[in-house]
Every structure is written in structure tokens, then in C-alpha cells.
Amino acid sequence: MRARVMYIAAAAFAAAALVVPLWGFSMSAPQYPDETLHLQVERNGIVGDVHEIETLQHYVGVHFPTEIPELKWATRAIVASVGLLALGALVGSGAAAHVYRVLCAAALVTFLLASAGAVQARLYQVGHDRDPHAPLRGMRDFTPPLVGPARVGNFTVWSFPHAGAMMLLAAAALSVAGSRKARA
Amino acid sequence: MKRHPFLLVAATVVVTLATVHTMGCGASRSLRSLAAEKVYVAPGELDKYYAFLSGGQSGSVFVVGVPSGRLIREIPVFEPRAAYGYAMNDNDPRRQELVATGGVWGDTHHPVLSETDGMPDGKYLWINDLANGRLARIRLDYFEADRILKLPNMQGAHGIAVVSPNTKYIVVNGEFELPTDGLVTNPAAYTSVVSFVDPDAMQVKFQVRVNGNIDIADTSKDGRYSFSTVYNLEQGRDMGSMIQYDRDAVAAIDIPAAEKAVAAGRGEMRNGVPILDPEQNPGVLTLIPVPKNPHGINVTPDGRYAIAAGKLSPTVTIIDAHTLKIVAEPEVGLGPLHTTFDDRGNAFTSLFLDSQVVKWNIDKAVKGAPDYIVDRINVHYNIGHLQAVGGDHMHPAGDYLIALNKLSKDMYVPVGPDLPENQEIIDISGEKMKMLASFPTPPEPHDATFMAVSVLKPLVHQTYTPVDDAVQAGKERVVRTGPHAVAVDMTLIRSAYTPDSFQVREGDQVTLKITNVETIRDMIHGFALPDHNLNIALAPGYTKTMTFDAGKPGVYWYYCTNFCSALHLEMRGRMLVQPKEGTVTLTDWHAAENVKGQVVPGVPSTGGGK
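Since this is a predicted model, take the numbers as computed values, not measurements. (Residues numbered from 1 in each chain as written. Chains lettered and ligands numbered in written order. Predicted model: local features only at pLDDT ≥ 70, side-chain atom pairs only at ≥ 80, totals over all residues. Heavy atoms only, no water.)

S.K.: I'd like to hear about the overall build of chain B, residue by residue, with values.
M.R.: A tally of helices and strands in chain B yields seven helices and 40 strands. Principal-axis analysis of the C-alpha atoms gives chain B an extent of 100 × 90 × 45 Å. By residue count, 54% of the 610 residues in chain B fall in the buried class. Restricting to contacts in chain B with at least 6 residues of sequence separation, those with at least 24 account for 56%. For chain B, the computed accessible surface area is about 27300 Å², with 57% contributed by carbon and sulfur atoms. (Helix = DSSP H or I, 4+ residues; strand = E, 2+ residues; numbered from the N terminus. Buried < 20%, exposed > 50% of the residue type's maximum accessible area, 1.4 Å probe, protein only. Contact = heavy atoms within 4.5 Å. Areas by Shrake-Rupley, 256 points an atom, 1.4 Å probe, with all protein chains shown as cover.)

And the structure:
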């Protein structure tokens with residue numbers, strides 16, 4: 001019963017992640033008082049102060065990733081997770097069901113770790129794969145951390161999990177908790 | 001031995017003088033720091049009030065922060081300003097209005113704010129052009145002039161006022177008398193009008209004829225009367241003949257009565273405006289006799305009294321604003337010109353000749369109490385208008401007052417014979433007035449009005465929403481639209497013009513439409529074109545169109561005049577003008593373009609070299 005509720009909740013959280021931003025970035029600099037720039041990575045791409053950030057990028061030669069194939073895969077993986085989690089609520093309480101849920105939880109955790117890796121890889125790429133002819137000199141390559149601040153020129157860039165990532169994290173936690181063996 | 005008493009006395013005197021001197025300095029230092037603290041607004045902090053000062057012969061409005069006295073903005077109105085890209089080219093609607101209504105300069109005197117319930121609502125500010133008989137409206141959401149109106153049937157638009165409490169009309173006094181028709185040399189036949197302007201349509205709804213020179217205006221707080229001081233009832237044409245009568249007048253116009261008469265068709269139509277003749281419409285105009293050649297007229301915040309300043313008489317005339325009866329005429333000092341108010345029943349009158357502000361208690365003066373004068377403070381020098389925060393509205397703040405002085409003399413470092421104007425900020429929160437600070441401006445503020453930053457700041461836009469026909473990024477184009485016409489649609493964004501070059505032919509009329517496609521505040525770009533008399537400024541989101549002659553064959557670099565980014569100096573492009581005749585083609589300019597992404601020989605690989 002307990003596992004079923006957890007899996008239903010986990011499926012709901014995973015489904016909600018489809019409609020809210022997954023990851024967020026904010027950029028602040030002294031000349032943007034009260035107007036910190038924001039980017040949100042959503043299932044369909046990047047939204048927010050794209051226009052302004054693209055305008056700024058050409059000074060430092062940072063490429064703004066417009067095509068992100070990982071997002072397509074991530075969407076599919078989230079949809080699959082919703083299905084797997086919902087199934088986990090239906091499979092009953094036998095030993096086979098338990099094994100299923102353990103596998104399900106493992107799959108979800110693996111997906112999240114892979115996603116974190118993909119985001120970090122992208123962040124590395126943004127900081128290193130820069131236009132050598134960018135006007136501004138003296139800019140060193142940089143790697144923004146997955147979560148936390150990085151200094152890029154006069155900007156402080158924050159990278160942080162947005163609502164979608166938190167929902168997926170919650171779904172993963174619930175699936176892990178729901179896969180523990182029920183006390184006899 | 002004999003010298004000792006003398007030395008002792010001398011030493012005592014020296015020590016005493018030194019002590020007194022030191023104490024004196026200490027006292028003055030601490031007074032100074034107290035005053036400085038009252039006007040100090042630390043970097044990054046905001047002022048409490050916007051003060052709008054008329055720009056006088058600069059034809060503009062100065063926006064000053066109070067209490068700091070910092071000049072924050074000049075709003076150009078009647079004069080083009082290249083720096084703001086205001087009215088600089090023939091396509092500009094404001095320039096067209098200016099040219100059509102009397103010229104590209106003006107003499108602004110009285111800024112007035114739109115009111116709701118007797119308080120400024122932050123929608124509009126109106127300002128007059130005395131010289132050319134015009135009234136301009138400034139939108140306060142963008143701080144820019146949006147309409148300029150030529151007032152028919154009058155010359156010299158002087159005093160203006162908003163009809164309280166909800167801005168029903170803008171009252172504009174015609175100061176210079178005119179013949180009603182044709183060229184008449186005998187001034188006895190001249191007459192003036194008070195105009196009532198619809199604030200939204202910016203149209204004169206009706207005018208009321210008044211003989212003499214109509215000077216300063218205010219209105220009763222209930223919307224019933226407009227009050228105008230009138231001098232030269234003698235209708236003389238030179239100074240000597242204008243000061244013969246012992247008394248001139250305050251003209252009180254009953255607005256509902258005038259509206260009724262206009263609705264009944266009793267106005268004489270002239271240039272599309274009905275003019276009411278008071279002799280044929282009794283009840284519309286009441287002339288209240290006041291000492292000759294009065295100047296200011298100010299209605300108390302509670303709407304009880306209209307106070308006319310004597311100018312040549314050392315008195316102010318207190319008129320009941322409902323019964324129109326004179327209730328008192330107290331002496332205040334030499335050369336009283338204007339009056340403003342605090343929130344505690346006190347009036348402050350400027351004294352031109354005494355170079356003072358006199359504070360007096362209205363109730364005491366009305367009752368004839370001998371101690372109605374509360375305080376006097378010296379100002380520097382020859383004060384004209386003065387305005388306390390909110391003194392012209394229904395709820396004065398009673399904290400600061402600005403004295404707008406006519407002469408500055410020794411107040412600033414000498415800058416040649418044309419001295420700056422001097423404004424002074426006075427603390428009126430206590431019983432005694434305290435001089436806090438002074439600040440100079442270009443010529444020549446006459447009057448001021450205030451708005452609380454807390455009210456206006458949320459209403460102010462900092463970028464424009466692009467108009468429907470704005471040029472969009474990616475949709476830029478250069479098209480030949482006729483044998484001698486080229487249209488260029490251009491966008492601007494840090495740090496490039498698109499297109500960054502275009503080609504026209506000698507003899508072409510170039511119609512250039514530019515949109516600044518920036519979306520963040522303060523990212524203003526300029527477009528200056530050498531040798532074509534062209535420089536405009538574009539705030540984010542703004543679109544401007546200008547038409548100009550291509551000029552002589554050659555290469556013209558257009559560049560950004562408003563510092564925008566690390567690549568501001570590189571923000572430029574070329575207009576290439578081909579000769580009209582012959583088959584000479586300029587060297588292939590396309591090939592020279594777009595060196596982006598290529599290694600350009602001779603350019604060092606490190607260091608921007610800026």
C-alpha cells in the first residue's frame with residue numbers, strides 16, 4: 001500500500017517535470033541592477049532573457065546552444081519514467097513487484113545522474129568551445145559548476161536545478177523509498 | 001614691571017578672540033553639516049521628489065531631484081536637441097508641429113501637473129511657450145513632449161494652471177493684447193483672452209475676453225473659478241502708461257457659467273474657437289480690484305483664499321475664493337511676486353526687491369493680528385517664483401521649498417559675463433526657515449512643481465514597446481523605391497548597425513527608418529551621419545524615420561554617438577554615394593565587408609587597443 005502511494009506520487013512528480021523548467025541559470029553584473037538575467041531550460045529548449053544574453057555573448061565568444069538534442073532524449077526518458085513509475089504502483093506487492101520497483105528506482109537514479117553529467121558536459125562546452133576571434137581578450141576558459149556560481153568576465157553566473165529537476169529528484173527519492181522491502 | 005599689565009591685557013584679548021573665532025567656526029561648521037545632511041543623497045540612493053523646473057529661454061523642462069538638487073534630465077520641448085534626438089529631422093512629428101506653430105525655440109515659464117482629486121497623478125505635465133503663444137504637453141510615462149498646441153487669437157501665452165481637482169481644463173493666459181481684427185495701431189482697442197484647453201484633445205474649447213495684460217493663473221480647488229492677475233487696465237503700450245491706475249485686477253472667471261454661455265452659442269467664433277465677451281455675458285467675469293500691476297496669484301491648498309501678490313505694492317491681497325471679496329491686504333515686504341504654502345496654514349511669499357522669502361500665517365493675517373509675519377530668509381538674489389513641495393496642490397508636504405532666483409552674482413565661480421541661474425533649497429519643516437543648499441542651472445527656470453518619487457517612479461517606462469511598423473531584426477533592407485528614392489530599414493543593437501553599409505546615388509532622397517532593437521534599459525544608440533546635418537538618439541525599442549538628401553558622392557561613416565558598449569567606437573557603417581552621371585561604380589564594397597571570422601592581417605592578436 002505504502003509503495004503504491006509512493007509510486008503514484010513519484011509518477012505524478014515526474015509528469016509535472018514535463019511542464020515546468022528543468023534547469024535554471026541567472027546572470028548578474030554591476031550594470032544590471034535589479035534586472036538579473038535569467039535562462040530556463042525547458043523540455044522544448046531555452047527560454048528567458050535569450051535576446052539579451054545572445055547580444056552579450058559575442059563579446060566573449062560564447063556559443064549559445066540553440067540545438068540541444070539531449071532535451072529530446074530527456075523528454076522521452078521522463079515520459080518513460082512516468083510509465084514505469086505508474087506501473088510500479090500497479091504491480092502489487094509480491095517479490096517480483098519488489099524487484100521491478102528496485103530496477104525502476106535504479107533506472108530513474110541512473111537517468112538523473114546521466115542528466116547531471118550531460119548538463120555538466122554542456123557547461124564545460126560553453127566555457128571552452130569559444131570563438132577564438134571574440135573581441136574581448138583576456139577571458140580564460142571556464143567551467144560553471146553544475147550547481148553554484150561562476151565568474152565569467154564581469155558576470156556572476158549561477159547554475160541551479162529548477163522546479164523540473166526538483167520534481168524528478170523527488171520522484172527518484174520516492175521510487176527509492178518505495179522500493180525498500182516492506183517489513184514483514 | 002610696567003609692561004606686564006599691558007602684556008596681560010593683550011594676551012587676554014588675543015586668547016578671547018581666538019576662542020570666540022574657534023567657537024564661531026565650530027558652530028558654523030555644525031550648522032553646515034546639519035544642512036548638508038538634509039540634502040545629502042548618497043550615490044545609489046534616490047531623491048524624495050521630482051522637481052520640474054521650466055527651462056525659460058532654453059525652451060525645455062529641467063528635472064531636478066529634491067532634496068539633492070541634482071539635475072537629472074532636461075526634457076527638450078520647444079527647441080530641438082541633438083543629444084536626445086528630439087525634433088532633429090524634418091520627419092519628426094514634434095519638429096513638424098514646432099515649425100508649423102511658430103519656430104524651433106520657445107520661452108517656457110510654468111510647469112503644471114495633471115491632477116486627480118487635487119493631487120498630481122503622474123500622467124502629464126504642461127508647459128507654456130510665452131513667446132509663440134503655445135502650450136506643450138509632456139507624457140510623464142516617457143518624459144517626452146507629445147503634443148504642441150498653437151493657441152489661436154492670442155499672443156504671449158503666459159500664466160497657465162490646471163483646473164482642479166481633476167484637470168478639466170488647462171487655463172492659459174494671453175498676456176499681450178491684440179486687435180480683434182486686422183492691424184489697429186490704437187492699443188485702446190486691443191484685447192486679450194484667457195483660453196480653456198481640453199487636456200486630452202489638446203484643443204481650445206473656449207476663450208474669455210479680458211482687457212489688459214493677463215498675467216499669472218491659478219484655479220479654485222473646486223473647479224469653479226479660474227483666477228488671473230491682470231495689469232495695464234489702462235491699456236497703455238509703454239511702461240509709463242501701464243502704471244497710471246491705482247488699482248488693476250484679478251480676473252475671476254466662473255467656469256460653469258462660461259461653459260453654459262458657450263453651450264448656449266453666446267461665443268463669437270474666431271479661428272474655430274468661441275470667444276465670450278464678458279459685457280454680453282454677465283456673471284462670467286468678475287474683476288476684483290487689487291493694487292496696480294499685480295503679479296502672482298496662488299490659491300491656498302484648502303481652497304479658501306486666492307492670494308494676489310502686489311509686485312509694486314508691498315502687500316498681498318487675500319481674496320475669498322468663494323465670495324470673491326477681499327478679506328485682507330497685509331504688508332509682507334518689497335516686491336512680492338508669488339506665494340506658496342506649507343501644510344500648517346503658512347504662506348511663503350517671494351520678495352523680489354528684498355531678495356527674501358517671507359513666511360506669514362494666513363489666519364493671523366486675515367484676522368488682522370499684528371504678528372502674522374513668522375520669519376524671513378535672505379535668498380541670492382532677486383527671487384522670482386518659489387514653490388514648496390505640494391504648495392500648488394491640495395496636500396502640501398511642508399518640507400522643502402525651492403527659491404528660483406533671477407540673479408546669482410557671487411554665488412558660483414565666475415564663468416564670464418553670462419552667469420548661471422541660482423536655485424536655493426530651503427527647509428520649511430520648522431518654525432524658522434533654514435537655507436540648505438543651492439544649485440545652478442542653465443537659463444532660466446521661472447517656476448517649479450513637484451511630484452513624489454513614490455507616486456511617479458512606478459509609472460515611468462524605461463524602454464519603448466516597438467511600434468507596429470518597427471524594423472525587426474532580420475528584416476532589414478535597402479530598396480530603391482523610385483528613380484531618386486531609396487528606402488533603408490535598419491536595426492541597431494550592441495555593437496552594430498544592420499546593414500553596416502548601403503549604397504545610394506547622388507540626387508537620391510534617402511528615407512532611413514531605424515529601430516533600436518535593444519530590450520534592456522539605458523542601452524541608447526545614436527546615429528550620426530557626417531556632413532548631412534543628422535544626429536539622432538534612439539532609446540531601446542524606439543523607431544525613427546528620417547529623410548535626407550544623399551549629398552555629394554563619397555564615403556560617409558555613420559557612427560554611434562551614445563556610448564553603448566566595449567565596442568562602441570567600432571559601432572559604425574558606411575553610406576556610399578555614387579556619382580549621378582557616368583558608369584563609375586565604386587569599388588566592390590561587398591567584398592570589403594564581413595571580415596568576421598577571418599584573421600585580419602596586421603591586427604595584433606592580443607589587446608583590444610582601445
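After that view, the rundown keeps rolling.
S.K.: Talk me through the confidence of the model for chain B; I want residue IDs and the actual numbers.
M.R.: All names here are of chain B. Across chain B, the average pLDDT comes to 91, with 91% of residues at 70 or higher. The low-confidence segment residues 583-610 (pLDDT under 50) makes 27 contacts with residues lying over four places distant or belonging to another chain. Two summary scores accompany this predicted model of the complex, namely pTM at 0.88 and ipTM at 0.79. (pLDDT = per-residue confidence, 0-100.)

S.K.: Could you give an account of the environment of Asn535 of chain B, with specific residues and numbers?
M.R.: All names here are of chain B. Tracing the sequence through the fold places Asn535 in strand β37 (residues 534-538). Once residues lying within four places of it in the same chain are set aside, the contact partners of Asn535 are Ala82, Met88, Phe527, Ala528 and Thr561. Of the polar contacts made by the side chain of Asn535, one reaches the side chain of Thr561; its length is 3.0 Å. (Polar contact = N/O pair within 3.5 Å; in protein donor to acceptor, adjacent residues only side chain to side chain.)

S.K.: Tell me what's going on with helix α4 (residues 95-128) of chain A, and back it up with residues and numbers.
M.R.: All names here are of chain A. End to end, α4 covers 49 Å across 34 residues, agreeing with the expected 50 Å (1.5 Å per residue, within 8%). Within α4, burial applies to Ala97, Arg101, Cys104, Ala105, Leu108, Phe111, Leu112, Leu123 and Gly127. For α4, the elements touching its buried residues are α1 (2-16), β1 (23-28), α3 (69-90), β5 (155-161) and α5 (163-178). (Expected span 1.5 Å × (residues − 1).)

S.K.: Break down the packing of α4 of chain A against α5 of chain A for me, citing the residues and quoting the values.
M.R.: Each pair of packed helices gets described by two things: the angle between the helix axes and the distance between those axes. Residue and element names in this part refer to chain A. Where α4 meets α5, the closest approach of the two axes is 8 Å, and the angle between their N-to-C directions is 155°. Taken together, the axes of α4 and α5 lie roughly antiparallel to each other. For the element pair α4 and α5, the recorded crossing hand is left-handed. Of α5, the residues touching α4 (which contributes Arg101, Ala105, Leu108, Val109, Phe111 and Leu112) are Leu168, Leu169, Ala171, Ala172, Ser175, Val176 and Gly178. Each residue belonging to the contact of α4 with α5 can be placed in one class, and the counts come to ten nonpolar, two polar and one charged. (Axes fitted to C-alpha atoms, helices over the stretch in contact; angles between N-to-C directions. Parallel < 35°, antiparallel > 145°, perpendicular 65-115°, else oblique. Left-handed = near helix turned anticlockwise from the far one by under 90°. Nonpolar A, V, L, I, M, F, W, Y, C, P; charged D, E, K, R; others polar.)

S.K.: Explain unusual backbone geometry to me, and be specific about the residues and the numbers.
M.R.: All names here are of chain B. Cis peptide bonds are those with omega within 30 degrees of zero, and the linkage from His380 to Tyr381 qualifies with -15°. Locating Tyr381 in the fold gives a position in the loop between β25 (373-378) and β26 (383-388). Of note, the bond from Arg494 into Ser495 is cis; its omega dihedral lies within 30 degrees of zero at -10°. Within the fold, Ser495 resides in the loop between β32 (485-493) and β33 (496-498). Backbone geometry at Ala87 places phi at a positive 55°, although glycine is not the residue there. With respect to the secondary-structure elements, Ala87 resides in the loop between β3 (71-76) and α2 (93-101). By relative accessible area, which is 0% here, Ala87 ends up buried. Backbone geometry places Lys311, a non-glycine residue, at a positive phi of 55°. Note on placement: Lys311 falls in the loop between β19 (305-309) and β20 (316-320). When its relative accessible area of 24% is taken as the criterion, Lys311 is described as partly exposed.

S.K.: Just give me the short version of the sheet that holds strand β28 (residues 421-427) of chain B, but keep the residues and values in it.
M.R.: Residues and elements named next belong to chain B. With respect to topology, four strands assemble into an open sheet ordered β26-β27-β28-β29, the strand pairing being antiparallel. Since the sheet does not close on itself, it has two edges, and those belong to β26 and β29 (434-441), each with one partner. Within this sheet the neighbouring strands show an average axis-to-axis angle of 20°, counted without direction. Examined bridge by bridge, β28 and β29 share seven bridges and lie antiparallel to one another. Paired with Ile426 across the two strands is Met435, which belongs to β29. (Pairing = 2+ DSSP bridges.)

S.K.: Residues and numbers for the pattern of salt bridges, please.
M.R.: All names here are of chain B. Taken as a whole, this structure holds 28 salt bridges over all chains when the rule is applied. Among the salt bridges present, the one from Arg224 reaches Asp254, with a minimum N-O distance of 2.7 Å. Of the two residues, Arg224 sits in the loop between β12 (213-219) and β13 (225-231) while Asp254 sits in strand β14 (residues 247-254), which places them 30 residues apart along the sequence. With a relative accessible area of 8%, Asp254 lands in the buried category. Asp342 is the partner of Arg344 in a salt bridge, and the nearest nitrogen-oxygen pair spans 3.6 Å. The buried category is assigned to Asp342, whose relative accessible area is 3%. (Salt bridge = Lys/Arg side-chain N within 4 Å of Asp/Glu carboxyl O.)

S.K.: If you had to explain the environment of Thr511 of chain B to someone new, which residues and values would you point to?
M.R.: Residue and element names in this part refer to chain B. Tracing the backbone shows Thr511 in strand β35 (residues 509-516). A residue is classified by how much of its surface remains accessible, and Thr511, at 31% relative accessible area, is partly exposed. Other than its neighbours up to four places away in sequence, Thr511 contacts Val486, Ala487, Val488, Thr545, Met546 and Thr547.

S.K.: Go over the packing of aromatic side chains with me, naming the residues and quoting the values.
M.R.: All names here are of chain B. Counted under the stated rule, the structure contains 16 aromatic pairs over all chains. On the numbers, 4.8 Å between centres and 5° between planes, the contact of Tyr142 with Tyr464 is stacked. Placement of the pair is Tyr142 in the loop between β6 (134-139) and β7 (144-150) and Tyr464 in the loop between α6 (453-456) and β31 (477-482), with a sequence separation of 322 residues. When its relative accessible area of 19% is taken as the criterion, Tyr142 is described as buried. (Phe/Tyr/Trp six-rings, centres within 6.5 Å; stacked < 30°, edge-to-face > 60°.)

S.K.: Lay out the nonpolar core in plain terms, naming residues and giving numbers.
M.R.: The biggest cluster of nonpolar side chains holds 68 residues, and the ones touching the most others in it are Leu85 of chain A together with Met490, Ile514, Phe527 and Met575 of chain B. Broken down by element, this core gets its largest block of residues, six residues, from α4 of chain A. Contacts of Ile514 of chain B, omitting those with residues within four sequence positions, involve Met490, Leu492, Phe527, Ile536, Leu538, Tyr542, Thr543, Lys544 and Met546 of chain B. With 22 residues, the next largest nonpolar core counts Phe78, Leu113, Ala136 and Ile148 of chain B among its residues. (Core = buried A, V, L, I, M, F, W, Y, C linked by side-chain atoms within 4.5 Å.)

S.K.: For the sheet that holds β5 of chain A, give the residues involved together with the corresponding values.
M.R.: All names here are of chain A. Strand order in the open sheet formed by five strands is β3-β2-β1-β5-β4, and the pairing between neighbours is antiparallel. Each having just a single partner strand, β3 (45-48) and β4 (148-152) make up the two edges of the open sheet. Neighbour-to-neighbour, the strand axes of the sheet open up by a mean angle of 20°, direction not taken into account. In this sheet, β5 lies alongside β4 in antiparallel orientation, the contact comprising five bridges. By the bridge assignment for β5, Val152 is matched with Phe155.

S.K.: Tell me what's going on with the pairing of strand β10 (residues 192-198) of chain B, and back it up with residues and numbers.
M.R.: All names here are of chain B. Most of β10 is tucked away, with six of its seven residues classed as buried. The pairing of strand β9 (residues 170-176) with β10 spans four bridges and is classified as antiparallel. Counterpart to Ile170 in the pairing with β10 is Val197. As paired elements, β10 and strand β11 (residues 203-210) share seven bridges and run antiparallel to each other. The residue of β11 that forms the bridge with Ser195 is Gln207.

S.K.: Quick one: what's the story with empty space enclosed by the protein, residue by residue and with numbers?
M.R.: The probe, sized like a water molecule, is rolled over the atoms to show the empty space still left. All names here are of chain B. Under the defined criterion, the tally for this structure stands at two cavities of 30 Å³ or more. The computed volume of the largest cavity comes to approximately 300 Å³. Taken together, 28 residues form the lining of the largest cavity, with Val112, Ile160, Ala217, Asp218 and Asp392 sitting closest to its centre. For the lining of the largest cavity, the secondary-structure elements that each account for two or more residues are β4 (112-116), β8 (155-162), β12, β18 (297-299), β22 (336-341), β26 and β30 (448-452). Of the residues that constitute the lining of the largest cavity, the class distribution is eleven nonpolar, twelve polar and five charged. One number sums up the size of the second largest cavity: a volume of about 50 Å³. (1 Å grid on protein atoms, 1.4 Å probe; cavity = no way out; pocket = protein on both sides within 12 Å on 5 of 7 lines; lining within 4 Å. Points joined across faces, edges and corners; volume = space filled by probe spheres on them.)

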